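# Residue-level structural notes
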Amino acid sequence: CFQLYGYCYQDSNDIPDTLTTITELGSPLEMIQLLQTSWEDRFRICLSLVRLLHYLAHSPLGSVTLLDFRPRQFVIVDGELKVTDLDDASIEESSCTSNSDCFMEFPARNFTLPCSVEGRCQSMNEKRNLYNAYRFFFTYLLPHSAPSSLRPLLDKIVNATVQHNPSAFPSYILLLSCYSKPCVKKKQFTGAFKTIALLWLFAEYRRVPEAFIPDENYRCWPSYHHKGCLLSVFDVNEAIEICDSYSQCKAFVLTNQTTWTGRQLVFFKMASNHIVPDPDKITYVKVTD
């Protein structure tokens with residue numbers, strides 16, 4: 001939730017029972033703008049939302065539901081999603097005498113939860129938060145331009161979320177792990193096959209250490225640089241795959257910068273006519289088509 005730095009209570013004749021709070025500064029949540037950012041940044045927002053959902057489900061006060069669960073109730077702080085308005089928060093679980101009393105109605109889907117022996121709808125607060133997070137955030141931010149290697153796992157997580165399955169929570173951590181370090185490793189060659197593979201790699205790309213290509217940019221989407229193609233990769237092999245997927249890509253430059261997941265930022269270039277020294281970068285130039 002939003003970080004509270006301080007508060008001041010004032011009771012005066014002009015304005016009785018006044019409470020002033022001082023909180024951290026956040027940026028308004030603009031869904032259209034978020035869809036134009038990289039998948040990695042959008043996944044970070046979803047991951048922070050998952051942590052928030054888990055906290056709300058297991059808070060010291062009990063399970064808390066946000067009755068007005070909409071994007072306007074959230075802000076972005078240093079790439080993380082935080083809720084700002086708790087006026088409509090509730091810890092009351094709906095009372096019931098039968099399962100039919102635990103009917104949850106949403107615009108696109110309805111649910112019926114079991115009525116406990118204590119006369120309360122089981123986990124209704126948690127389920128309401130989870131489905132609202134799915135329909136307002138996950139369904140838009142996660143599948144769009146997701147890495148192809150993560151799509152099978154991503155589909156399972158989204159399905160678990162829409163079915164109100166709490167197992168979706170730890171699955172998001174697994175998804176982060178697979179993105180930072182691929183869970184399904186590519187086939188490793190040994191012996192003569194490994195030698196052939198390495199020879200093929202060096203035949204396709206020439207490695208130029210401590211070098212950078214300042215120009216020769218082209219635009220790609222999504223990119224961390226609005227005037228060029230700057231993407232994150234796990235290793236050199238992934239960078240080669242990305243470069244080979246763009247017809248205009250003729251070279252790429254490994255930087256010493258990483259994203260919040262630890263993936264390395266790489267510039268992709270459409271030529272290598274002008275290479276300059278740079279001790280913090282390594283350039284790979286395609287020598288065959």
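The structure under discussion appears in the preceding block.
Just so you know, these numbers come straight off a predicted model, no measurement behind them.

Before going further, it helps to spend a moment on the sheet that holds strand E6 (residues 80-83). Taken in spatial order, the three strands of this open sheet run E3-E5-E6, and their pairing is antiparallel. One side of each edge strand has no neighbouring strand; the edge strands of this open sheet are strand E3 (27-28) and E6. Looking at chain direction, E3 and strand E5 (residues 74-77) are connected through two bridges and run antiparallel. Bridge pairing links Ser27 to Ile76 in E5. Helix-sheet contacts for helix H2 (residues 39-57) involve E5 and E6, and the interaxial angle to E6 is about 40°.

Moving on, we come to the sheet that holds strand E11 (residues 229-233). An order of E10-E14-E12-E13-E11 is seen for the five strands of this open sheet, with the pairing classed as antiparallel. Each of the sheet's edge strands pairs with one partner strand only, and the pair in question is strand E10 (205-212) and E11. Averaged over all pairs of adjacent strands, the angle between strand axes in this sheet comes to 30°, irrespective of strand direction. In this sheet, strand E14 (residues 276-286) lies alongside E10 in antiparallel orientation, the contact comprising seven bridges. Across the sheet, Arg207 pairs through a bridge with Tyr284, a residue of E14. The strands touched by helix H7 (residues 236-245) are E10, E11, strand E12 (251-258), strand E13 (264-269) and E14; relative to E12, the strand with the most contacts, the crossing angle is about 135°.

With that settled, consider the pairing of E5. Residues Phe74 and Ile76 line one face of E5 and the alternating positions Val75 and Val77 line the opposite face, and both faces are buried. Bridge count for E5 against E6 is four bridges, and the pairing is antiparallel. Across the sheet, residue Phe74 finds its bridge partner in E6, namely Val83.

Procedures and definitions
- Residues numbered from 1 in each chain as written.
- Predicted model: local features only at pLDDT ≥ 70, side-chain atom pairs only at ≥ 80, totals over all residues.
- Heavy atoms only, no water.
- Pairing = 2+ DSSP bridges.
- Helix = DSSP H or I, 4+ residues; strand = E, 2+ residues; numbered from the N terminus.
- Contact = heavy atoms within 4.5 Å.
- Axes fitted to C-alpha atoms, helices over the stretch in contact; angles between N-to-C directions.
- Buried < 20%, exposed > 50% of the residue type's maximum accessible area, 1.4 Å probe, protein only.

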